[in-house]
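Structure at a glance
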Amino acid sequence: MLVLKFGGTSVGSTAAIEKIISILKDSRHAGAVRVVVVSAFSGVTDALIALARKTDAAGTAALRLRHTECAAHFLSGSSLDEAINEINAICDEAARILESANILGELSARALDRVMSFGELLSSTLIVKILNAQNIPARFLDSRKIIKTDYCYGKAQYKPAETQAAIRESCSENTLFVAPGFMGSAPDGSVTTLGRGGSDLSAAIFGAALSADCIEIWTDVNGVLTCDPRMVPEAFTIEQLSYTEAMELSHFGAKVLHPPTVLPALEKNIPIKILNTFNSGHPGTLISKKEAPSSWPVKGISSMTEITLLRVEGAGMTGVAGFAARLFGALSKNGVNIILITQASSEHSICIAVLDEDGESARMAVCAEFEREISEGSIEAPVIERERSIIAAVGSKMKSTSGISGAIFQALGRNSINVIAIAQGSSEINISLVIAKKDTAKALNCVHEAFFLSGIRSVNLYLVGMGLIGGTLLEQIAAQRETLAKKYKIRIKLAGAANSRKMIFNAEGIDAARARQLAEEGEPFEIDAFVEKMKAANLPNSAFCDCTASEVVSLCYAKILSASIPVITPNKKANSGALEYYREITGLSREKAVPYLYEVTVCAGLPVISTLRDLFLAGDTVTRIEAVLSGTLSFIFNSFDGKKRFSALVREANEKGYTEPDPRDDLNAMDAARKALILARECGMPLEFSDVQIEPILPQACFKAKTIDDFWRELENCDEDFERRRAEAAACGKALRYVAVVENGKAKLALRSEGAESPFRSLVDADNIVVISSKRYVALPMVIKGPGAGAAVTAGGVFADIVRIAC
């Protein structure tokens, strides 16, 4: 024998009702269902409450029309006439009550319960007629006459003994009964309601009274999910829960089950199934006494978002017997339901979480109860904190698994989500945390990922700059995305992207392969607006990547790091700009433990910055760095062997794309100087850019040339001088190289003659090289050499830093 309950969305349309008909006719249900409990059509209860608050009798016309149209879809002839008459009678009664309330200027709680009950009465009386028309014999069962409650209108408590006896007497015949959920009656016969979600409880009450084999709750999702799918798209169905787990999850916000529903079933050991009306073949979730085996210690994560935290503290609480009893008694007398309690071991403070609607009542109740203590100063006036949420991790295996709390706090800490209060029961199957409401979705996603996504690590990436480096990075992400996900369990999702003109955002992800094309359809780009949108999205594991050469963008790093969002960049402007700003952003990274990764600012993909950092962490001291830091200058001087004129080599470098369109942007050595300054600062030298000594490569006449053609003519005039310097070096067995030296608190760049034994003579093409001497690397310095420029290697270095964020 089965008891079924269909929720508002399951009866909310003609298509949904057709699904109910199909379910009741299938082989598993035909002849086995004793009671069907139905909710009001979706949205009807809210509509009735809105009408009641406005005492709007005319507003019942929309309800009348909706139910009449539904009746006309399924019924005809006398059956349709009877159904319309019943709909009109119920709507007329509702209108009379609302008219009376309008005249009186108020609507009592008793009258409001009666108004709210009309939604279920409309749906249940109509569905009885529809089922009979579909050859499913059914009778209406008036819940108001058999579910006996107290006088607590709006949140009535049912009386088990009286109710169960009445149900057994009313359902003695072996037929299918359709009963309105959510309602009962007080001892004087007045209509009461069981509170929001009360139709679930109605089904459980019927099931317990009839000793049903199973209670089925039919809704619009595939059972109880591991998390709210509206906030966590990766949430999936939990196959089985114990009664205790189900009560904990529903208490803290799992929407598919009303918390008190479990108790009547638990008392009779009746299993509950949560099923999807619109996917009836899905097995859903089974709730029973048995603790089912699970691959995960946590079964589910739920949340409540409309929470106020009440904090009471003071020296007068410490060691005072009965203080908690007075506190909880005062709240109880004022009808305040306590959701969560936590107390410091010093007894100096107590935090209580309540619903937002109860926040002010709770504060006033505490002020009244402890008026004397507050006036004497032994305790402080209670403080309420609004805009709070509770997230709760629930699972029976938590009590036998170490590290659960650590995993939760690590996931939240990595995303800089502050935990305001913590509570854990002695059963150890629930850890509840109070956080800021704005962080709810972010917290749910990162905790859900930590427990349920099999070690998957994710990054929600925001990219500014889709030119040569940024565009190549997007190509690499698109090409490697599937491999990263399958082989390494790393998921990179492009959540925002911008070029110099437009920007786009999508929390669900932007196709990296099409991002440049899609960006052209976006909104106008402005870096401050981009950063604010990224912060407002508040996605878990967010990261900002700057692939521009813009100083304006780099000046946003402090704001981004302050928001606990990692920064990855090949842009040298921040680290080679003002020393004060460099210290600020690197300090923020350390202080907030937020990654700031800029490996590719020096020598592209070569591991120079990370190597220096490792040396320092291991206790070494760098004494000298010598380096060729410009790929352009490296190519020119590596190739300058007398076979070609100097100006011809510069032209060749320009044609190969090794230089900027104007080669002077490379030949002024500013880029190499910025890299040298970054290395100096990484070694702890407090240098400004103006402190870097730069030996000019070209005479001033080349830089004063007004056009590129003028520049090329001036450069050709320098050929003779460069050839003379080359020949003088060659006569001594040496070759020219443009080398940066960082040593003794100074950084300088100069054109030097290098002998055959010099590591700089081993360079080919546009290679970079960094030679590091330290206290441990004395006789034989550490040498790092390889391609120091190029879109592929630079983007690859940025990509590696992004992956490092995920790890």
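Structure first, text after, so check above.
Criteria and cut-off values
Residues numbered from 1 in each chain as written. Predicted model: local features only at pLDDT ≥ 70, side-chain atom pairs only at ≥ 80, totals over all residues. Heavy atoms only, no water. Helix = DSSP H or I, 4+ residues; strand = E, 2+ residues; numbered from the N terminus. Rg over C-alpha atoms; globule rule 2.2 N^0.38 Å. Contact = heavy atoms within 4.5 Å. Areas by Shrake-Rupley, 256 points an atom, 1.4 Å probe, with all protein chains shown as cover. Lys, Arg positive; Asp, Glu negative; His and termini not counted. Charge placed at Lys NZ, Arg CZ, Asp CG, Glu CD. Core = buried A, V, L, I, M, F, W, Y, C linked by side-chain atoms within 4.5 Å. Buried < 20%, exposed > 50% of the residue type's maximum accessible area, 1.4 Å probe, protein only. Axes fitted to C-alpha atoms, helices over the stretch in contact; angles between N-to-C directions. Parallel < 35°, antiparallel > 145°, perpendicular 65-115°, else oblique. Nonpolar A, V, L, I, M, F, W, Y, C, P; charged D, E, K, R; others polar. Left-handed = near helix turned anticlockwise from the far one by under 90°. Phe/Tyr/Trp six-rings, centres within 6.5 Å; stacked < 30°, edge-to-face > 60°. 1 Å grid on protein atoms, 1.4 Å probe; cavity = no way out; pocket = protein on both sides within 12 Å on 5 of 7 lines; lining within 4 Å. Points joined across faces, edges and corners; volume = space filled by probe spheres on them. Expected span 1.5 Å × (residues − 1). Pairing = 2+ DSSP bridges. Polar contact = N/O pair within 3.5 Å; in protein donor to acceptor, adjacent residues only side chain to side chain. Right-handed = clockwise from strand over helix to strand, strands pointing away. Salt bridge = Lys/Arg side-chain N within 4 Å of Asp/Glu carboxyl O.

1. Observations concerning the overall build of the protein
The helix and strand inventory of the protein stands at 30 helices and 29 strands. The C-alpha atoms of the protein give a radius of gyration of 36 Å, which is well past the 28 Å a tight globule of 807 residues would have. Its C-alpha atoms give the protein principal-axis dimensions of about 115 × 70 × 55 Å. Pairs at least 24 residues apart make up 72% of the contacts formed inside the protein by residues separated by at least 6 positions. With the model as given, the accessible surface of the protein reaches about 34,400 Å², and the carbon-plus-sulfur share is 51%. Across the protein, 87 positive and 94 negative side-chain charges occur, with their mean positions spaced 3 Å apart.

2. Things to note about the nonpolar core
Core analysis: the biggest nonpolar cluster contains 83 residues, and F544 and L629 have the highest contact counts within it. With seven residues, helix α26 (residues 670-682) is the largest single contributor of residues to this core.

3. Focus: the packing of helix α7 (residues 160-170) against helix α8 (residues 198-209)
Between α7 and α8, whose axes approach to 9 Å, the crossing angle comes to 70°. Judged by the angle between their axes, α7 and α8 are roughly perpendicular. Along its contact with α7, which presents T163, Q164, I167 and R168, the element α8 presents I205, F206, A208 and A209. Residue composition of the contact of α7 with α8, by class: five nonpolar, two polar and one charged.

4. Topic: the packing of helix α3 (residues 60-74) against helix α4 (residues 77-104)
Two numbers describe how α3 lies on α4: the axes approach to 10 Å, and their chain directions differ by 165°. Of the possible angle classes, the one that applies to α3 and α4 is roughly antiparallel. Taken as a pair, α3 and α4 cross one another with a handedness that is right-handed. Of the residues in α4, those in contact with T60, L63, R64, H67, T68, A71 and A72 of α3 are L80, A83, I84, I87, N88, C91, D92, A94, A95 and L98. Across the contact of α3 with α4, the residue classes break down as eleven nonpolar, four polar and two charged.

5. Considerations on the packing of aromatic side chains
For any pair of aromatic rings, geometry is given as the distance between the ring centres together with the angle between the planes. Under the counting rule described, the total for this entry stands at 17 aromatic pairs. On the basis of an interplanar angle of 90° and a centroid distance of 6.3 Å, the ring pair of Y462 and F530 is categorised as edge-to-face. Of this pair, Y462 sits in strand β17 (residues 457-464) while F530 sits in helix α18 (residues 527-537); the two residues are 68 residues apart in sequence, bridging distant segments of the chain. Residue Y462 is classed as buried on the basis of its relative accessible area of 1%. Here F530 falls in the buried class, since its relative accessible area comes to 0%. On the numbers, 5.0 Å between centres and 40° between planes, the contact of F505 with F530 is tilted. A residue pair is termed long-range when its members are at least 10 positions apart, and F505 in strand β19 (residues 502-510) and F530 in helix α18 qualify at 25 residues. Its relative accessible area of 27% is what places F505 among the partly exposed residues.

6. Quick word on the layout of surface pockets
A probe matching the size of a water molecule, rolled over the atoms, marks out where space remains unfilled. The computed volume of the second largest pocket comes to approximately 1,100 Å³. Contributing to the lining of the second largest pocket are 38 residues, with K572, E660, D666, D671 and A789 lying nearest its centre. Those elements that place two or more of their residues in the lining of the second largest pocket are α16 (468-487), α23 (631-639), α25 (664-667), α26 and α30 (791-806). Examining the composition of the lining of the second largest pocket, we find that five residues originate from one element, α26, more than from any other. The residue makeup of the lining of the second largest pocket, split by class, is 17 nonpolar, eleven polar and ten charged.

7. Some details on helix α21 (residues 579-592)
Three or four residues apart is the spacing at which side chains of an α-helix point the same way, because the helix has 3.6 residues per turn. When the terminal C-alpha atoms of α21 are compared, their 20 Å separation across 14 residues agrees well with the 20 Å that a helix rising 1.5 Å per residue should span. Listed in full, the buried residues belonging to α21 are L579, Y581, Y582, I585, T586, G587, L588 and S589. In this fold, the buried residues of α21 make contact with α19 (551-554), α20 (557-562), β23 (596-597) and α26. The first or second residue beyond α21 is A593, which carries a positive phi of 55°.

8. Focus: empty space enclosed by the protein
Inspection of the entire model under this criterion finds three cavities of 30 Å³ or more. Approximately 50 Å³ is the volume attributed to the largest cavity. In terms of residue count, the dominant contributor to the lining of the largest cavity is strand β18 (residues 490-498) (three residues). Of the residues assigned to the lining of the largest cavity, the class counts are six nonpolar, no polar and two charged.

9. Some remarks on the sheet that holds strand β28 (residues 767-774)
Within the open sheet, the six strands sit side by side as β25-β27-β26-β24-β28-β29. Their pairing is mixed. Every other strand in the sheet has two partners, leaving β25 (693-694) and β29 (782-787) as the edge strands with one partner each. As paired strands, strand β26 (residues 735-743) and strand β27 (residues 746-754) are joined by nine bridges and run antiparallel to one another. Paired with A740 across the strands is L749, a residue of β27. Lying over the sheet, helix α29 (residues 719-731) contacts β26 and β27, oriented at roughly 85° with respect to β26.

10. Let's talk about the side chain of S576
Tracing the sequence through the fold places S576 in the loop between β22 (567-568) and α21. For S576, a relative accessible area of 2% translates into the label buried. There is a polar contact of 2.9 Å between the side chain of S576 and the side chain of R674. Not counting residues within four places of it along the chain, the set of residues in contact with S576 comprises R674, L677, I678, R681 and F689.

11. Notes on the pairing of β17
Extensive coverage of β17 is indicated by the burial of seven of its eight residues. The pairing of β17 with β18 spans eight bridges and is classified as parallel. In the strand pairing of β18, Y462 is matched with G496. Where the polypeptide runs from β17 across α16 and back to β18, its parallel neighbour, the crossover connection is right-handed. One ladder, built from five bridges, connects β17 with strand β21 (residues 542-546); its direction is parallel. Counterpart to V464 in the pairing with β21 is D546.

12. Some remarks on the sheet that holds strand β1 (residues 2-6)
Backbone hydrogen bonds hold the strands of a sheet together, and the pairing may be parallel or antiparallel. Across the sheet, which stays open at both edges, the eight strands sit in the order β3-β4-β2-β1-β7-β9-β10-β8 with mixed pairing between neighbours. In this open sheet, the two strands that pair with only one neighbour each are β3 (138-140) and β8 (240-242). Each neighbouring strand pair of the sheet contributes to a mean axis angle of 20°, computed without reference to strand direction. Across the sheet, helix α9 (residues 243-251) lies against β8 and β10 (285-288), angled at about 90° from β8, the strand it touches most.

13. Some words on the pattern of salt bridges
Scanning the entire structure with this criterion turns up 48 salt bridges. For the salt bridge of D142 with R144, the shortest nitrogen-to-oxygen distance reads 2.9 Å. For D142, a relative accessible area of 12% translates into the label buried. Looking at R144, the relative accessible area reads 25%, which means it is partly exposed. Salt-bridge contacts for E449 lead to R491; the nearest nitrogen and oxygen are separated by 3.7 Å. Of this pair, E449 sits in helix α15 (residues 440-452) while R491 sits in strand β18, and the two are 42 residues apart along the sequence. Assessed through its relative accessible area of 9%, E449 is described here as buried. The network of salt bridges with shared partners includes R326, E369, R372, E373 and E376.

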